[in-house]
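Examination of the molecular architecture
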Amino acid sequence: MSDPVSALQGAQFSGIASVEEGGLAGMITLRGDLGSKVMQAAVKEATGADIPATNQVSLSADGGTAWMSPDELLLMVSYTEVEEILAALNKSLAGEHALAVNVSDARAVFRVSGDGARETLAKICPVDLSAEAFVPGQFRRTRMAQVAAAFWLDESGAFTIVCFRSVADYVFNLLSNAAHPQSAVGVY
Amino acid sequence: MSTRLANQGRLIDRSKPIEFTFNGNRMTGYEGDTLASALLANDQMMVGRSFKYHRPRGLVASGAEEPNALVGLGNGDRFEPNQRVTTTELFAGLSAQSQNHWPSLEFDVGAINTHLSRFLPAGFYYKMFMYPKAFWKHVYEPIIRHSAGLGKAPDKELKDADQYEHFYFFADVVVVGGGVAGLQAAKAAAATGAKVLLMEQTNTWGGRAPVDGGTIDGDTPEAWVEKTLAELEAMDNVTLRSRCMGSGVYDHGYVLGYERLTDHTPGAAGPRHRLWRIRAKQIVTATGAIERPLSFAGNDVPGVMLAGAMRDYVANWGVTPGKRVVIATNNDDAYRTAITLHNAGVEVVRVLDARASGGGALMEEVRQLGIRVDPGRAIAKVTGGKRVAKVAVCAQNGEGGAQEDVVADAVAMSGGWSPVVHLWSHCGGKLIWDDAQAHFRPDASRPPLGDDGAGFVVAAGSANGTLDLENTLTDATAAGAAAAKAAGFAKKAVKAPVGSVQAEQPMAPVWLMPAKADIKLRMKTWLDYQNDVKVSDVQLAAREGYESVEHTKRYTTLGMATDQGKLSNINGLAVLADTLGSEIPQVGTTTFRPPYTPISMGAIGGEARGEIFQPIRKTPMHDWHDANGADWEPVGQWRRAYAFVRSSESVEDAVAREVKNTRENLGLLDASTLGKLVVKGPDAGKFLDMMYTNMMSNLKVGKCRYGLMCSENGFLIDDGVVARIDDDTWLCHTTTGGAERIHGHMEEWLQTEWWDWKVYVANVTEQLAQVAVVGPNARKVLEKLNAQAGGGMDVSKEALAFMEWKDGKIGEFDARAYRISFSGELSYEIAVPASQGMAFWQALLEAGKEFGVMPYGTECLHIMRAEKGFIMIGDETDGTVIPQDLGLHWALSKKKEDYLGKRAHLRSHMADPDRWQLVGLETVDGSVIPDGAYAVGEGLNANGQRNVVGRVTSTYHSPTLNKGIAMGLVHNGQKRMGEVIEFPGTDDKTYKAKIVDQVFYDKEGEKQNV
Amino acid sequence: MLILECPYCGVKAEETELHAGGEAHLKRFGPGSSDSEFHDYLFMRENPKGVHFDRWRHINGCGKWFHAARCTMTLEVFGTYSAQTFEPPQDIRDAISAKRPDWTWREFK
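Here is what the cut-offs are and how they apply
- Residues numbered from 1 in each chain as written.
- Chains lettered and ligands numbered in written order.
- Predicted model: local features only at pLDDT ≥ 70, side-chain atom pairs only at ≥ 80, totals over all residues.
- Helix = DSSP H or I, 4+ residues; strand = E, 2+ residues; numbered from the N terminus.
- Rg over C-alpha atoms; globule rule 2.2 N^0.38 Å.
- Buried ≥ 20, exposed ≤ 12 C-beta atoms within 10 Å, placed from the backbone.
- Contact = placed C-beta atoms within 7 Å.
- Pairing = 2+ DSSP bridges.
- Nonpolar A, V, L, I, M, F, W, Y, C, P; charged D, E, K, R; others polar.
- Axes fitted to C-alpha atoms, helices over the stretch in contact; angles between N-to-C directions.
- Parallel < 35°, antiparallel > 145°, perpendicular 65-115°, else oblique.
- Left-handed = near helix turned anticlockwise from the far one by under 90°.
- Domains from an automatic or database assignment.
- Arc of directions from axis to C-beta.

Chain C carries the name Sarcosine oxidase subunit delta in an unreviewed UniProt entry, which gives Parasedimentitalea denitrificans as its organism.

Within an unreviewed UniProt entry, the label attached to chain A reads Sarcosine oxidase subunit gamma, and the organism entered is Parasedimentitalea denitrificans.

The structure is reproduced here in structure tokens:
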């Protein structure tokens, strides 16, 4: 196997917020009955995290789980172990009606942090990003300008953004443009 | 002359002079000036010429309602036409050019139109340019196009130098307008704890109150504004934005705010405009009122100005439009202008009060100052060409006779005030006619309705028709509190400040001055300055039967200019009502549409320009293609290489080389864009049997099958190869443009029709980079990679037969190989993780060197599939084509009871034997039929055009066969083999083509079965 | 620009996050149906001025299809509910009746 590469190989920009491509991240799309005990155990085993509540992310030491829809989760695991974890997951889910696929390479991940992080996202997403409305742990799938994206906020005030790999360039340029150093709105 | 006064000017800083140019002339203003006030200070009263008659025009207003003073602003890539000087803050180096004249503002050839004006009445264009019919295209249209349009378009070669952005914001209460009403409403709303956004379009707070005078809680309005602003600024739940116009109100509390960040500091870093896309639970419109002009002859002569505007110029910027001023009014407010002018040392020659008994306390105050007031008198006409010279005075209640001439250089007029109801009305708020004040105001009982069915807009202050300071403040307090309550916040009592002003006598409506002005006067009495519409035009329209206000508007163009009739609409309606013998409320208003004033296209586009104009999807190998001659082709949002062009060759050469090399040696195609959907579950087979026209449930694990998808209407929507992965898992390939669409299509049926079926779908398109390894040497290169790595999957004919797939290693890569072919050659499509796509591509190129490897693009792919007669979704199909048209009966399962499209194919016109059928076409002389050409048959249709019997769907020069080949849909095509039909080209040539079998190359399929 | 609350994830989504899907509660007619049944299923729509039921997908969001009961004239939204039902649920019907007592839509009222 050749060394895998992420879409933008760690590109960075700094303005009212810092924007950086997060590199390779292990991700599994898991569809199934989120209420099932077998599913809950399998997810916990795969990620170390519980199945989150609606529109939430639950993070563990080495991964996490994000709520994508009533029957879909995004599991975040170590990139190098994703195939083994997937195999184990499929084993635990044997007999369940479920679908688990590796989507690590189908995604690009960005981190947006700093004082202007909320405003940067509020320029391109139709989401209330005020501190009252969007709190750490919240996970939102939405539209980022002209593409689909999802993001969550962590306790440090940084957003992690997940989008499709093919539009990584677009999203990076979009975020950098929105984080223009002289473009602070001054409301968040 | 207009000039700077020695005193007054609350907004300017006389210690900070600013240089600017107007039509190349250097002028000086002060910090705090608008371009309008600075022009007046430099005695530049005439600022442009009118659109139709090219009449000299001067400033009429002091704010957003200004109709005349539009200029071209800036230079080069920052040039913008039609900028209102009244809303342009002065800055150093500002450069403005006046509009609608040639060769100069002072001397303009087009001004001849004003002498022809009796030949250019309303509807002139409609009547004049009807006949002769043939004149339209070659005579009338070019002339009209030349003379149409306001201002000059920016240079098409230049790109706007600035950047723009959007900002999504959510508020409980949005207050639009930062006058005393807006400030007070915001304060009342914020007191409840509601999150409040207050927007003001100018750079100053307080609106008209500081100019109009009176007291608030015993203080000057100015002091109260300052204090209230400080209070609001200190509140965490309040956001204040100046230079931010409430541009429009839309469904469900959506509001647009147009923030002008650097218009006053052009070239400053950062965005120029920011469009606030706001969701408000409640909106308070505290947008003030606009003064109406009076309709008298010559009311457009430069120097005739709204009374309130004249007061603004004196009080705010210390400039006076004239030295000798006549004031004409129908209300008490204009007397404030007399007082302001007098106190500034400007001579007020006469106040003409159209009301027979004149005004009240304010009139007495004016008389006390020694100013002559004439009740019952009116302006018969103003004369003076480029500047007011003389005012003819007459009785209001007459025809304009018995005139007395008064020498003056400026006229202030006031026809009463109309609330700015635009934002209230944008989303359906209704109006009522207020007889006493002669204006339309918001009808609080019929507000615009939100998603809960309740009103979401509250009007406050003069925007609500409360024109005096005292009632404005109580109204605004109530409005702010009501909005907060409706937004769900508990009531909190806020005491309304006490405003005090002099009591006023009622105004009296004056729609024409003098009341019975004769036709000669009416033909010089302007309603709409910007579109040059006169009282006589509206009257003519009414006489010609245009009774509906919406029709009259379009016929006369009243209110259709960039100012959207802010000054003219009510006056025009009144004239129309009067002419029709009807009442104003019965005639009604035209529709108010956003934006309130024009906003920049840049702001609307926001960030979407340059490299982020639209998303461009890139495969993992994109950068390699780009560096190796890719001639890009957009396919949906993807970019695919059309061909890899070498420096010495043309694109056509490259395509031909790629086809030849792939057929003879080895070609590589980046097929990563093909959609890949995993479909899994106990009911997945049953589900795919519904999705595809052919059977997928009986596909064996390890095998592939080409499948067709139809819509419920029966039309082809997609195709692709389906692979059975395991017992309950299939992988469906879609077209490049189809991945998201077909994924959505599957989800739609699963979620909304067969929600009890156990099936999950996931889109893994981008997880995988896919490479088509094609050509006689395809197997060799894969075997070489395996040999280099010391093992790997067996790709022999026996181990991986045609239409089979296999997982394993190709060289050092984890891969899934599909033995499928879209070219007719020995071919493998190999999928590897996207993160290794680039490395895999390079490994193939390296290993393939000895086998003559070359990458190929989409055009080569298209030609090779056309040579084999394979259809392409989007070429052979266009949303009206069914599988039967394409001879794909074999892919329509007869065993299945049901699939999407099956029932539709039984409809009579679908089963019609007369439908056009797919055939191959071979030109007689080897030329290439033009793309999209139609075949013509015998006879003519009802329009006298030749009957059409078919059309080309794909057409190419085949490098393999060295001739033109095509596919097309032809009437009775399958029965007409060998027949020659004609395709007229747009190049005046006729292309003759023989109908043949659509498979042009390797009919037996020997090349792929090796 | 409308806002609809997605009944699956609870997000109050603006229209740009949604995809409109036409009239709700269509009954599918397949093979075996008459020409007129199939024609009506494909093409005949209520298109009312007033109370209406339509389909939306939370496409830039959780991806789920749902139904909205709303007024096409005032744009009032009476409620949103799961797409996995053959008819408007009672609470939605009650919400409509509270505002539009005389409403009817196809066989529902």
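And the narrative resumes.
Broken down by element type, chain A carries four helices and 11 strands. Relative to the 2.2 N^0.38 estimate, which gives 16 Å for 188 residues, the radius of gyration of chain A is 17 Å and therefore close to what a compact globule would have. With respect to the three principal axes, the spread of C-alpha positions in chain A is 55 × 40 × 30 Å. Residues classed as buried in chain A amount to 55% of the 188 residues present. Across chain A, every contact between residues at least 6 apart in sequence was considered, and the portion connecting residues at least 24 apart equals 61%.

A count of helical and extended segments in chain C gives two helices and six strands. The order of helices and strands in chain C, counted from the N terminus, is β-β-β-α-β-β-β-α. Here the C-alpha atoms of chain C give a radius of gyration of 14 Å, agreeing with the 13 Å that 2.2 N^0.38 yields for 109 residues. Counting across all 109 residues of chain C, residues that qualify as buried make up 37%. Within chain C, residue pairs in contact and separated by at least 24 positions form 50% of the contacts whose partners lie at least 6 positions apart.

All names here are of chain B. Here Ala789 lies in helix H23 (residues 778-789). For Ala789, a count of 14 C-beta atoms within 10 Å corresponds to the partly exposed category. With 24 residues separating them along the chain, Ala789 and Phe813 place their C-alpha atoms 9.4 Å apart. When residues no more than four places from it in sequence are discounted, the contact partners of Ala789 are Lys809, Gly811 and Glu812.

With that settled, the discussion passes to the pairing of strand E23 (residues 390-395) of chain B. All names here are of chain B. Summarising burial for E23: five of the six residues are buried, a large majority. Relative to E23, strand E22 (residues 377-383) is paired through six bridges, and the arrangement is antiparallel. In the sheet register, Arg377 faces E23, and the bridge partner there is Ala395. Following E22, the chain reverses through six residues before pairing antiparallel with E23; Gly384 in that reversal takes a positive phi of roughly 150°. In terms of strand pairing, E23 meets strand E24 (residues 404-407) through four bridges, oriented antiparallel. Bridge pairing in E24 places Ala392 opposite Asp405.

A word on the interface of chain A and chain B. Across the boundary between the two partners, chain A contributes 42 residues, which contact 38 residues of chain B. Per-element accounting of the side of chain A that touches chain B gives the leading share, six residues, to helix H4 (residues 168-178) of chain A. For the side of chain A that touches chain B, the class distribution of residues is 23 nonpolar, 13 polar and six charged.

Here we take up the sheet that holds strand E4 (residues 57-59) of chain A. Residue and element names in this part refer to chain A. Spatial strand order, E4-E5-E6-E3-E7: five strands in an open sheet with antiparallel pairing. If you trace the sheet from one side to the other, it starts and ends with E4 and strand E7 (99-102), each paired once. Recorded for the sheet is a direction-independent mean angle of 20° between the axes of neighbouring strands. With respect to the sheet, helix H2 (residues 82-92) is in contact with strand E3 (26-31), strand E6 (72-77) and E7, its orientation differing from that of E7 by roughly 170°.

Looking now at the packing of helix H14 (residues 535-543) of chain B against helix H16 (residues 569-580) of chain B. A pair of packed helices is characterised by two quantities: the angle between their axes and the separation of those axes. All names here are of chain B. At a minimum axis distance of 9 Å, the contact between H14 and H16 shows a crossing angle of 45°. When the axes of H14 and H16 are compared, the pair comes out oblique. Note on packing geometry: the crossing formed by H14 with H16 is right-handed. On the side of H14, the interface is formed by Val535, Val538, Gln539 and Ala542, while H16 contributes Gly572, Val575, Leu576, Thr579 and Leu580. Within the contact of H14 with H16, the residues separate by chemical class into six nonpolar, three polar and no charged.

Residues and elements named next belong to chain A. Assigned domains of chain A: these are domain 1 (12-23 + 106-178) and domain 2 (26-105). Using C-alpha coordinates to define each centre, domain 1 is positioned 23 Å away from domain 2. Facing the nine residues of domain 1 at the interface are 10 residues of domain 2. Counting residues per element, the side of domain 1 that touches domain 2 draws most heavily on strand E9 (residues 139-144), at three residues. The residue inventory of the side of domain 1 that touches domain 2, partitioned by class, reads three nonpolar, two polar and four charged.

All names here are of chain B. Pairing is antiparallel in the open sheet, where five strands are placed in the order E37-E38-E39-E36-E40. With partners counted over all chains shown, the strands left at the sheet margins are strand E37 (704-710) and strand E40 (760-763), one partner each. Across the sheet, the mean angle separating the axes of adjacent strands is 30° when strand polarity is ignored. Sheet topology places strand E36 (residues 675-680) next to strand E39 (residues 729-734); six bridges connect them, and they run antiparallel. Residue pairing for E39: Gly675 is matched across the bridge by Thr734. Seen against the sheet, helix H21 (residues 684-691) touches E36, E37 and E39 and runs at an angle of roughly 135° to E36. On the sheet, helix H22 (residues 739-752) packs against E36, E37, strand E38 (716-726), E39 and E40 and is oriented at approximately 165° with respect to E40.

A separate point is the interface of chain B and chain C. With 21 residues of chain B in contact, the opposing surface of chain C contributes 22 residues. The element best represented in the side of chain B that touches chain C is H22(B), accounting for four residues. Residue composition of the side of chain B that touches chain C, grouped by class: four nonpolar, five polar and 12 charged.

Residues and elements named next belong to chain B. The pairing of strand E2 (residues 13-22) with strand E3 (residues 25-31) spans seven bridges and is classified as antiparallel. Bridged to Phe22 within E3 is Asn25. Linkage of E2 to E3, two consecutive antiparallel strands, is achieved through a turn of two residues, within which Asn23 is found at a positive phi near 50°.

The subject of this paragraph is H2(A). Residue and element names in this part refer to chain A. Those residues of H2 lying buried are Val82, Ile85, Leu86 and Leu89. Across the axial projection of H2, the buried residues extend over an arc of 100°, all falling on one side. Turned more than 90 degrees off the buried face of H2, the exposed positions are Glu84, Ala87 and Lys91. Contacts made by the buried residues of H2 are with E3, helix H1 (37-47), E6 and E7.

Moving on, we get to helix H10 (residues 361-368) of chain B. Residue and element names in this part refer to chain B. Taken together, the buried positions of H10 are occupied by Leu362, Met363 and Val366. Along the long axis of H10, the arc covered by the buried residues comes to 100°, so they all point the same way. Residues of H10 that are buried make contact with helix H9 (334-343), strand E20 (347-353) and strand E21 (373-375). Just past H10, the residue Gly370 takes up positive phi, approximately 90°.

All names here are of chain B. Along the chain, the position of Gln917 falls in strand E46 (residues 916-923). With 726 residues separating them in the primary sequence, Gln917 and Ala191 have C-alpha atoms 74 Å apart. Setting aside anything within four residues of it in sequence, one finds Gln917 in contact with Asp885, Gly887, Leu969, Val970, Gly973 and Gln974.

Looking now at unusual backbone geometry. With an omega of -10°, the peptide bond between B:Met513 and B:Pro514 qualifies as cis. Structurally, B:Pro514 is set in the loop between strand E30 (499-500) and helix H13 (519-522). With omega at -5°, the peptide bond leading from B:Pro594 into B:Pro595 counts as cis. Looking at the element boundaries, B:Pro595 is found in the loop between helix H17 (584-587) and helix H18 (601-605). Here the phi dihedral of A:Gln9 falls at roughly 50°; this positive angle occurs in a residue that is not glycine. For A:Gln9, the position within the fold is in the segment before strand E1 (12-14). Exposure remark for A:Gln9: the 10 C-beta atoms within 10 Å place this residue in the exposed category. Positive phi values are uncommon outside glycine, yet B:Asp217 reaches one of about 45°.

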